[in-house]
Amino acid sequence: MLRIRGLTCGYRDKRVLQDIDLEVCKGESFGIIGPNGSGKTTLLKSITGMTRIFSGEISFQDRNIRLMDRKELARHISMVAQMTPSVDMTVEEFILLGRLPHRKGFKLFESKEDILRAERSMELTGTEGLKERYISEISGGELQLVLIAKALTQTKDLLLLDEPTAHLDISHQVGILDLLTRLKRDEGLTIMIVIHDLNLASEYCDRLLLLDRGRIRRLGPPQEVINYRDIEDTYRTTVVVDKNPLSNKPFVLVVSEEVKKRWKG
Amino acid sequence: MTLFLLSFLCLLFSFILALVTGSVSVSFETILSILKGDYTGLESTILLDVRIPRIILGLAVGGALSIAGVILQSMFRNPLVEPYTLGISGGAALGASLCVILKARGIVPDISMPVAGFIGAISVIIPLYLINIRSGFLKMEGLLLTGVMISFIASSLVMLLLAISRAEELHGIVFWIMGSLEETEWSLISIALFVSITCLFLSYLFANAMNAFVLGEEEAANLGIDVERTKKILFLLASILTGCSVAVSGIIGFVGLVVPHFVRLATGGDHRIMLILSYITGAAFLILSDTLARTVISPIELPVGVITGIAGGIIFIYAFGRNRLKGQ
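Note that the coordinates shown come from a computational prediction; the quantities given were computed from them, not determined experimentally.

(A) Up close: empty space enclosed by the protein. Applying the stated criterion across every chain, the model contains five cavities of 30 Å³ or more. Here the largest cavity is characterised by a volume of approximately 100 Å³. Lining the largest cavity are Met 89, Glu 93, Leu 96, Leu 97, Leu 100, Arg 103 and Glu 110 of chain A together with Asn 208, Asn 211, Asp 270 and Arg 272 of chain B. Those elements giving two or more residues to the lining of the largest cavity turn out to be helix 3 (91-96) of chain A together with helix 9 (207-213) of chain B. For the lining of the largest cavity, a count of residues per class yields four nonpolar, two polar and five charged. Of the volumes computed, that of the second largest cavity is approximately 70 Å³. Taken together, Ser 29, Leu 177, Leu 180, Thr 181, Lys 184, Ile 191, Ile 193, Tyr 204 and Cys 205 of chain A make up the full set of residues lining the second largest cavity. Considering every element that reaches the lining of the second largest cavity, the biggest residue donor is helix 6 (residues 170-187) of chain A, with four residues. Among the residues making up the lining of the second largest cavity, the classes are represented as six nonpolar, two polar and one charged.

This is the structure in C-alpha cells:
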C-alpha cells in the first residue's frame, strides 16, 4: 500500500531522515519507535507531503505522492496529529471537517453521505454521546477519540497517528489502541503509529520501525526489534527485556541509576 | 436561521432609524413619498443626498471591515488581529495626509482624498506581501510583525506631517483620520459597495478553508487545503476590503475587531455562518453608530469612530462577561 524508497527528507536545508526504505501493507499496524528527535514525526509528515524531500520516493497505491494533489492525498491518508485544538466548534462540526477533501470545487455544505460517514465514525469510536458538546469541554481521552473519529471520517485507507496515547492514563491508552486494533480488523484500516511507550508498541503493532538519529536501526516484528542491545544502544539507557507470558510479545523494563550501581557493586 | 433573521431585522431597523432620525426629523410617510418621487422638498434633499448615501456607505464599510476582521482572525488564529493591525490603515492615513500637505486635494476635489488613501493602502500592501513571501510561502508571523511595524512607522510619519502642517491642513488631516461616512460622491459609494459585496462572495467560497485554518496550517493541509494559495487569496481580499474602506471613510476603529468576536460568541466558529452574519451585523452596527454620531449632540456631529469604540467596547465586555458567567 505504501512504499518508501531511499527517502532523505527534512525541513529547509536540514536532513532529518536519511536512506529510509520500507513498505507498509494494507491492513497492517505499523509502529514507529525511537528516541526524541530521531525523526518519527518527520516520517509521518513526509507521507503527508509536509517535509522537503531531498531524494527518494514515497508512493501510495503505486502512485508517487508528489504527483498527487493535496485534496486527493487527503482523501486517502489522514493524520491524527498531537494537538489540542482551541476552536469554537461542537464535536460533530469538528468531525465533519474530515469530509473537506471529499467536497468537489467550492461546494460549501455537507452532503447526506458526509453526515452518514461522520455518524458512522462517531459510532465506531463511541463518540455519539459527545456530538453536541464543544471541543473545549471534553477531556483528553475523549479528544483523542474525537480526533480518530475525524480521521476516520476523512479516510478509511491509511491513518497516521502521532503519539495518540501521550498524556493518557493506562486505561485510556489501552482503550485507544484496542479501538485502533478493532478498526484495523473490522474496517480494513492501515495504521502507522508513532508511539513512545515501547511496551504498547510491542503489544499492539504487527511490525515496528526503530529509528536512531534519522536512520533505520531495525525493522521487523516486535520480537525482532525489541531486544535489549538495540534498545540500549538507541536510547542510551539500560533496560531489561522480557516476554509477556500472555501475549508472548517482548516488554521493556527500565533500570534506574541507583539499581545499576547496586548491581555493579 | 433565527440568528440570520434577527440580524437582518437589526439591519432593517438601523436603515429605518437612520432614515428618520437627524437634525430634521422625517416621518415615515414622507420617506415613502420621497422614494416614490412624489415629494421634492427639503426633506427630499436631506434624505437622497445625505442620509441614503451614508446608509449605503455604512453598509459597505461596516460589512467590509467586519469580514476583513473575520478573515484575518482565522488566518492568523489570533482573535486580537483586526483590519488595521497590518498597517494598511496607517498607509492610507499617510496617503491622505500627504494629499492635504501637498495640496493635491484640488486636483479632483471629490475623490482626491480617497484616491490618495487607497494609494497609501496599496503602497503598504505590496511591500508587506513582498517582504514576507519566501520561496512561494507567505510567512504569517512575519506578516503580523511587519504589519505592526509599518503601522507604527506610518503613524509616526502622520504625526510628523501633523506637526509641520498649518492649522487648516491640520484640521483636514485630523478630520479624515477620525473617520466619517459623510461622502456624497456616488461613484465612490458604488465602488465601496461593489468591492465589499464582491469580496464577501469571494471570501465565502473559502469559508471551509477558514474553518480548517483555525486548526493550524498543517492540519488545514492535511485536510486537503492548498494552504499557500488560500493564504495569499485571503490576504489579498482582506487588504482590498480594508484599503477600500479606509480610503472612502477614513479610519473607523473597532468594527473589524468587535463584530467578529460578538458574532463568534453568538454562533460559534463556523465561517459559513460567521461571514454572512458578521457582514450584516457589522453594517447594522456602523449605520446605528453613525446615526448616534449625527444625533447625540446635534447639530454637532461626532466622529463615528468614537461611537464605534465606546459602544462596541461596552457591548463586547457585556456579551463576553455574560458568556463567561454562563460558562461557569
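(B) Inspection of the sheet that holds strand 5 (residues 63-64) of chain A at higher detail. Residues and elements named next belong to chain A. Here we have four strands laid out as an open sheet, ordered 2-1-4-5, and antiparallel in their pairing. Edge positions in the sheet fall to strand 2 (14-24) and strand 5, since each of these pairs with one other strand and no more. Against the sheet, helix 1 (residues 40-47) engages strand 1 (2-11), strand 2 and strand 4 (52-60), with an angle of about 115° to strand 1.

(C) Structural view of the interface of chain B and chain A. In this complex, chain B contributes 21 residues to the contact, which on the side of chain A involves 28 residues. For the pair chain B and chain A, the summed buried area comes to about 2,100 Å², and 61% of that belongs to carbon and sulfur atoms. Here chain B and chain A share three salt bridges between them. Ionic pairing is found between Glu 218 of chain B and Lys 45 of chain A, a salt bridge with its closest N-O pair at 3.1 Å. In this structure, the connection of chain B to chain A is made through eight residue pairs in polar contact (both at pLDDT 80 or more). Going through the elements one at a time, helix 9 and helix 10 (217-222) of chain B are the ones with two or more residues in the side of chain B that touches chain A. In terms of residue class, the side of chain B that touches chain A is built from 10 nonpolar, six polar and five charged.

(D) Seen up close, helix 4 (residues 88-101) of chain B. All names here are of chain B. With 14 residues, helix 4 ought to run about 20 Å at 1.5 Å a step, and its terminal C-alpha atoms sit 20 Å apart, in line with that. Counting buried positions along helix 4 gives 13 out of 14 residues, so the element sits mostly inside the fold. One or two steps after helix 4, the chain reaches Lys 103, where phi turns positive at roughly 55°.

(E) Spatial organisation of the packing of aromatic side chains. Residue and element names in this part refer to chain B. Overall, the coordinates contain one aromatic pair over all chains when judged by the stated rule. Between the aromatic rings of Tyr 129 and Phe 235, the centroid separation amounts to 6.0 Å while the plane-to-plane angle is 20°, which identifies the pairing as stacked. Residue Tyr 129 is found in helix 5 (residues 112-132), and its partner Phe 235 is found in helix 11 (residues 227-249); the two are separated by 106 residues along the sequence. Tyr 129 sits in the partly exposed class, given a relative accessible area of 25%. Given a relative accessible area of 1%, Phe 235 falls into the buried group.

(F) Broad picture of the sheet that holds strand 10 (residues 215-220) of chain A. Residues and elements named next belong to chain A. Across the sheet, six strands lie side by side as 6-7-8-3-9-10; this open sheet has mixed pairing. The sheet is open, and its two edges are formed by strand 6 (77-80) and strand 10, each paired on a single side. Each adjacent strand pair in this sheet contributes to an overall mean axis angle of 15°, direction not counted. The pairing of strand 6 with strand 7 (residues 158-162) spans four bridges and is classified as parallel. Following the sheet pairing, Ser 78 is matched in strand 7 by Leu 159. Each of strand 6 and strand 7 touches helix 5 (residues 140-154); the most contacted strand, strand 6, lies at about 170° to it. Each of strand 3 (29-33), strand 9 (207-212) and strand 10 is contacted by helix 9 (residues 228-235), which is oriented at about 35° to strand 9, the strand it contacts most.

(G) Fine view of the nonpolar core. Ile 33, Phe 94 and Leu 180 of chain A together with Ile 71, Ile 252 and Leu 275 of chain B are the most contacted members of the largest nonpolar core, which totals 131 residues. At 12 residues, the largest contribution of residues to this core is made by helix 3 (residues 42-76) of chain B. Other than its neighbours up to four places away in sequence, Leu 180 of chain A contacts Ile 148, Leu 159, Leu 161, Ile 191 and Ile 193 of chain A. Core analysis: the next-biggest nonpolar cluster, separate from the first, contains 28 residues, Ile 4, Ile 20, Leu 44 and Ile 77 of chain A among them.

(H) Focus on the confidence of the model for chain B. Here chain B averages 86 in pLDDT, and 97% of its residues register 70 or above. The complex model carries a pTM of 0.87, and its ipTM stands at 0.86.

(I) Main features of the environment of Val 26 of chain B. All names here are of chain B. Within the fold, Val 26 resides in the loop between helix 1 (2-20) and helix 2 (28-36). Separated by 295 residues in sequence, Val 26 and Gly 321 have C-alpha atoms that sit 38 Å apart. Setting aside residues no more than four positions away along its own chain, Val 26 makes contact with Leu 19, Val 20, Ile 31, Ile 34, Glu 43 and Arg 51.

(J) The layout of surface pockets, seen in detail. Of the voids in this model, the largest pocket is the one considered here, and its volume is about 1,700 Å³. Together, 50 residues line the largest pocket, and Met 50 of chain A together with Phe 137, Ala 221, Val 227 and Glu 228 of chain B are the ones closest to its centre. For the lining of the largest pocket, the residue count by class is 22 nonpolar, nine polar and 19 charged.

(K) Molecular detail of unusual backbone geometry. Residue and element names in this part refer to chain A. Of note, the phi angle at Arg 12 is positive, near 50°, even though the residue is not glycine. Within the element layout of this structure, Arg 12 appears in the loop between strand 1 and strand 2. In the Ramachandran plot, Arg 236 falls in the positive-phi region, its phi being about 55° despite a non-glycine side chain.

(L) Structural detail: the pairing of strand 8 (residues 190-194) of chain A. Residues and elements named next belong to chain A. Buried residues dominate strand 8, accounting for five of its five residues. Covered by surrounding structure in strand 8 are Thr 190, Met 192 and Val 194 together with Ile 191 and Ile 193, the residues of both alternating faces. Two elements, strand 3 and strand 8, share four bridges in a ladder whose sense is parallel. Directly across from Phe 30, in strand 8, lies its bridge partner Met 192. Examined bridge by bridge, strand 7 and strand 8 share five bridges and lie parallel to one another. Within strand 8, the residue paired with Leu 160 across the bridge is Met 192. On the question of chirality, the crossover connecting strand 7 to the parallel strand 8 by way of helix 6 is right-handed.

Analysis parameters
- Residues numbered from 1 in each chain as written.
- Chains lettered and ligands numbered in written order.
- Predicted model: local features only at pLDDT ≥ 70, side-chain atom pairs only at ≥ 80, totals over all residues.
- Heavy atoms only, no water.
- 1 Å grid on protein atoms, 1.4 Å probe; cavity = no way out; pocket = protein on both sides within 12 Å on 5 of 7 lines; lining within 4 Å.
- Points joined across faces, edges and corners; volume = space filled by probe spheres on them.
- Helix = DSSP H or I, 4+ residues; strand = E, 2+ residues; numbered from the N terminus.
- Nonpolar A, V, L, I, M, F, W, Y, C, P; charged D, E, K, R; others polar.
- Pairing = 2+ DSSP bridges.
- Contact = heavy atoms within 4.5 Å.
- Axes fitted to C-alpha atoms, helices over the stretch in contact; angles between N-to-C directions.
- Buried area = accessible area lost by both parts, 1.4 Å probe.
- Salt bridge = Lys/Arg side-chain N within 4 Å of Asp/Glu carboxyl O.
- Polar contact = N/O pair within 3.5 Å; in protein donor to acceptor, adjacent residues only side chain to side chain.
- Expected span 1.5 Å × (residues − 1).
- Buried < 20%, exposed > 50% of the residue type's maximum accessible area, 1.4 Å probe, protein only.
- Phe/Tyr/Trp six-rings, centres within 6.5 Å; stacked < 30°, edge-to-face > 60°.
- Core = buried A, V, L, I, M, F, W, Y, C linked by side-chain atoms within 4.5 Å.
- pLDDT = per-residue confidence, 0-100.
- Right-handed = clockwise from strand over helix to strand, strands pointing away.

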